[in-house]
Amino acid sequence: MKNSKKILLILLIVFVVAQFFGPEKNEGSTESLTAFFEDTKPPEIVKAILTESCFDCHSNTTRYPWYNNITPVNYWMAEHVKHGTKHFNVSNWDNNSIKRKDHKIEELIEMVEDKEMPLASYTWTNTEANLTDAQIQDILNWAKQVRTVYALAPRPE
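Trainee: How do you make sense of the pattern of salt bridges when you look at a structure like this?
Mentor: Opposite charge on two side chains makes pairing possible when the charged atoms of those side chains draw close. By the definition in use, this model includes 8 salt bridges. Here K144 and E113 are joined by a salt bridge, their closest N and O atoms 3.9 Å apart. Residue K144 is found in helix α8 (residues 133–152), and its partner E113 is found in helix α6 (residues 98–113); the two are separated by 31 residues along the sequence. On the accessibility criterion, K144 (40% relative accessible area) is partly exposed. Linking D133 and K115 is a salt bridge whose minimum nitrogen-to-oxygen distance equals 3.4 Å. You can see D133 sitting in helix α8 and its partner K115 sitting in the loop between α6 and α7 (120–123), a full 18 residues away along the chain. In terms of burial, D133 and K115 fall into one category: exposed. Residues joined by salt bridges that share partners form a network here, namely E52, D56 and R63.

Shown next, in the form of structure tokens:
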């Protein structure tokens, strides 16, 4: 057997064995979103947009596509989700102060306004997550209202 065939066989075996291993999944209950929804009161249209375009990476309720069962894709996706939830996780909304919540909504506004979110790498495979100009405006209007409420909220001294 030629060296190149041996190398290909070894790589194939490594690939097959790797399929039996994978990162932990981020599959919590949708109940973890309740506090965020109750606190920010998004209209149904915004709630649907957030669920479709944001929560896979920014909550503990990731919906995984079929190709997440393929190593190394699953590790790549797990890293995206880990990074997303580290920066903005609506499932932990109750654990934040009013000041932090306000800051997170401010960041959301900036990222959506600048069309930095959702990530292009996410929308390539989740085309339904591409935001139209009308959807962007709906999110911005809602988020600005939320910030107004937070600005008026009493804060501990």
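Moving on from the coordinates now.
Trainee: Honestly, the packing of aromatic side chains in this entry has me stumped. Any pointers?
Mentor: By convention here, two paired aromatic rings are described through the distance between centres and the angle between planes. Per the stated rule, a full pass over the model turns up 6 aromatic pairs. An angle of 90° between the planes, with centres 4.9 Å apart, marks the rings of F36 and W93 as edge-to-face. One end of the pair, F36, is in helix α2 (residues 34–40); the other, W93, is in the loop between α5 (73–87) and α6, and 57 residues separate them in sequence. The same class applies to F36 as to W93, namely buried. Ring geometry for F37 versus F55: centroids 5.8 Å apart, planes at 50°, classification tilted. In this pair, F37 sits in helix α2 while F55 sits in helix α4 (residues 55–58), placing the two residues 18 residues apart along the sequence.

Trainee: Is there a simple way to think about the packing of α6 against α8 in this case?
Mentor: Geometrically, a packed helix pair is captured by the angle between its two axes and the distance between the axes. Viewed as axis vectors pointing N to C, α6 and α8 meet at an angle of 160°, and their least axial separation amounts to 10 Å. Classified by the interaxial angle, the pair formed by α6 and α8 is roughly antiparallel. As for how α6 packs across α8, the hand of that crossing is left-handed. Contacts from I98, K101, D102, I105, E106, L108, I109, V112 and E113 of α6 reach α8 at I136, I139, L140, W142, A143, K144, V146, R147 and Y150.

Trainee: Sorry if this is basic, but what is going on with the nonpolar core here?
Mentor: Nonpolar side chains in soluble globular proteins tend to be buried together. Grouped together as the largest cluster of nonpolar side chains are 23 residues, with contacts concentrated most on F36, F55, I105 and W142. Per element, the largest residue contribution to this core is 7 residues, and it comes from α8.

Trainee: Quick question: what am I supposed to make of the environment of I136 here?
Mentor: Looking at the element boundaries, I136 is found in helix α8. Overall, I136 belongs to the buried group, its relative accessible area being 9%. Remark: the alpha-carbon pair of I136 and V46, spanning 90 residues in sequence, is separated by 9.4 Å. Among residues more than four places away in sequence, those in contact with I136 are V112, K115 and L131.

Trainee: What exactly am I supposed to notice about unusual backbone geometry here?
Mentor: Backbone phi values are negative for most residues with the exception of glycine, while trans is the configuration of most peptide bonds. Here the residue pair T71 and P72 is connected by a cis peptide bond, since its omega of 20° sits within 30 degrees of zero. Within the element layout of this structure, P72 appears in the loop between α4 and α5. The omega angle of the peptide bond from M117 to P118 is -5°, so this bond is cis rather than trans. With respect to the helices, strands and loops of the structure, P118 is situated in the loop between α6 and α7. Phi is positive for K41, which is not a glycine, with a value near 45°. Tracing the chain through its elements places K41 in the loop between α2 and α3 (44–53).

Scoring rules and cut-offs
Residues numbered from 1 in each chain as written. Predicted model: local features only at pLDDT ≥ 70, side-chain atom pairs only at ≥ 80, totals over all residues. Heavy atoms only, no water. Salt bridge = Lys/Arg side-chain N within 4 Å of Asp/Glu carboxyl O. Helix = DSSP H or I, 4+ residues; strand = E, 2+ residues; numbered from the N terminus. Buried < 20%, exposed > 50% of the residue type's maximum accessible area, 1.4 Å probe, protein only. Phe/Tyr/Trp six-rings, centres within 6.5 Å; stacked < 30°, edge-to-face > 60°. Axes fitted to C-alpha atoms, helices over the stretch in contact; angles between N-to-C directions. Parallel < 35°, antiparallel > 145°, perpendicular 65-115°, else oblique. Left-handed = near helix turned anticlockwise from the far one by under 90°. Contact = heavy atoms within 4.5 Å. Core = buried A, V, L, I, M, F, W, Y, C linked by side-chain atoms within 4.5 Å.

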